[in-house]
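Descriptive analysis of the structure
Chain by chain, the residues:
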Amino acid sequence: RYRSGTGTLTAVQPADLSIHAGEIVGVVGPSGSGKSTLLRMVSGMEPPDSGTLTWNGQASAGPTPGSVMPISQDPLSSLDPRWPLWRSITEPLTVTRRLGKAERIRLAREALTRVGIGHLDPLARPRQLSVGQAQRVAIARALIARPALIVADEPTASLDVRTAQAMMALLRDLADRHGVAQFIVSHDVALLGTIADRLLT
Ligand code: ADP
């Protein structure tokens, strides 16, 4: 519930859901139906007013740091335009580890290969990328510290139909090959329906 003017606004009706490793849960619904709020609660960014969030079988204040990574609508927003790709991609690792530049470039190259763009130069800058490539780089960055869950709010919003389809196929592949659980919000039922194990409406 949010405070609105004099009263309160119920953004999300009582919901009960679980997400398992390697599973993609999709949320669809019209604008204003509470999808983003639910996503923020699942990822621990917004505490629910009531109810519990259970993480790895334990009711807790939320997921441990680094175990949930968001992917945004606008891929360029998660990449610093002044930085070479290797620096943005490996930045989440530097929170807990001290890494040399050569090692970071090597890890970035591996991460780019994992998201299907191993031919890109880790020393390139974001402005040299297409939107689809930028979204893959943003996903490479989100995956680098091996999170258990990826949350994505309209991850294909800025992509054309074909690039959006390829992006969804990549997310499915990451769930199948790397066991990454995903919670994806989209207004595009048809597209999300092709990769989600379950759709919540
Ligand atoms: P969706 O993602 O489906 O568009 P949201 O979760 O963004 O839905 O919003 C659900 C409802 O909660 C809407 O009526 C919206 O105006 C309201 N809302 C969302 N965020 C806030 C906020 N930070 N403060 C107050 N009201 C909010």
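Everything quoted here is computed from the prediction, not taken from an experiment.

The rules behind the values
- Residues numbered from 1 in each chain as written.
- Predicted model: local features only at pLDDT ≥ 70, side-chain atom pairs only at ≥ 80, totals over all residues.
- Heavy atoms only, no water.
- Near = heavy atom within 4 Å.
- Polar contact = N/O pair within 3.5 Å; in protein donor to acceptor, adjacent residues only side chain to side chain.
- Areas by Shrake-Rupley, 256 points an atom, 1.4 Å probe, with all protein chains shown as cover.
- Helix = DSSP H or I, 4+ residues; strand = E, 2+ residues; numbered from the N terminus.
- Buried < 20%, exposed > 50% of the residue type's maximum accessible area, 1.4 Å probe, protein only.
- Lys, Arg positive; Asp, Glu negative; His and termini not counted.
- Salt bridge = Lys/Arg side-chain N within 4 Å of Asp/Glu carboxyl O.
- Contact = heavy atoms within 4.5 Å.
- Pairing = 2+ DSSP bridges.
- Axes fitted to C-alpha atoms, helices over the stretch in contact; angles between N-to-C directions.
- Parallel < 35°, antiparallel > 145°, perpendicular 65-115°, else oblique.
- Left-handed = near helix turned anticlockwise from the far one by under 90°.
- Nonpolar A, V, L, I, M, F, W, Y, C, P; charged D, E, K, R; others polar.
- Right-handed = clockwise from strand over helix to strand, strands pointing away.

Things to note about the site of the ligand
- By nearness alone, every residue bordering the ligand is listed as Tyr2, Leu9, Ala11, Pro30, Ser31, Gly32, Ser33, Gly34, Lys35, Ser36, Thr37 and Arg40.
- Measuring from an oxygen atom of the ligand, one finds a side-chain N or O atom of Lys35 at 2.9 Å.
- A distance of 2.6 Å separates an oxygen atom of the ligand from a polar side-chain atom of Thr37.
- Contact with the protein chains hides 61% of the accessible area of the ligand, taken as 560 Å² for the molecule alone.
- A per-element tally of the shell around the ligand places helix α1 (residues 35–42) first, with four residues.

Observations concerning the side chain of Arg104
- Secondary-structure assignment places Arg104 in helix α3 (residues 101–114).
- There is no salt bridge for the buried Arg104, and the closest opposite charge comes from Glu91, which lies 6.8 Å off by N-O distance.
- Here Arg87 takes part through its backbone oxygen, which lies 3.1 Å from a polar atom of the side chain of Arg104.
- Contact partners of Arg104, with chain neighbours within four places excluded, come to Trp86, Arg87, Thr90, Glu91, Thr94 and Leu99.

A word on the environment of Leu171
- You can see Leu171 is positioned in helix α5 (residues 161–178).
- Overall, Leu171 belongs to the buried group, its relative accessible area being 1%.
- In sequence terms Leu171 and Ala157 are 14 residues apart; their C-alpha atoms lie 15 Å from each other.

Brief notes about the pattern of salt bridges
- A full pass over the atoms with the stated rule returns 10 salt bridges.
- Taking the shortest distance from any N to any O, the salt bridge between Arg198 and Glu23 comes out at 3.2 Å. Here the residue Arg198 occupies a position in strand β9 (residues 198–200), and Glu23 occupies one in the loop between β2 (7–9) and β3 (24–27), the gap between them amounting to 175 residues.
- Classification of Arg198 by relative accessible area gives partly exposed; the value is 31%.
- With a relative accessible area of 13%, Glu23 lands in the buried category.
- Across the pair Arg141 and Glu91 runs a salt bridge, and its minimum N-O distance is 2.5 Å. Taken together, the residues Arg141 in helix α4 (residues 131–143) and Glu91 in the loop between α2 (85–90) and α3 connect sequence positions 50 residues apart.
- Put simply, Glu103, Arg106, Glu110 and Arg114 are held in one network by salt bridges that share partners.

Points about the pairing of β3
- Burial along β3 is two-sided: the face carrying Ile24 and Gly26 and the face carrying Val25 and Val27 are both buried.
- Pairing between β3 and strand β8 (residues 181–185): four bridges, direction parallel. Along β8, the bridge assignment pairs Val25 with Phe183.

Here's the deal with the packing of α4 against α5
- Contact pair α4 / α5: the axes reach a minimum separation of 10 Å and the direction vectors enclose 20 degrees. With respect to each other, α4 and α5 are oriented roughly parallel. Here the hand of the crossing between α4 and α5 comes out right-handed. Seen from α4, the contacting residues are Gly132, Gln135, Arg136, Ile139 and Leu143; seen from α5, they are Thr163, Ala166, Met167, Leu170, Leu171 and Leu174.
- Its residues placed into classes, the contact of α4 with α5 shows seven nonpolar, three polar and one charged.

Focus: the pairing of β8
- Where burial is concerned, most of β8 is hidden: five out of the five residues are buried.
- Burial of β8 is two-sided: the residues Ala181, Phe183 and Val185 facing one way and the residues Gln182 and Ile184 facing the other way are all buried.
- Across five bridges, strand β7 (residues 149–153) lies against β8 in parallel orientation. The partner of Ala152 across the bridge, within β8, is Ile184.
- For the crossover that starts at β7, traverses α5 and ends in the parallel β8, the hand is right-handed.

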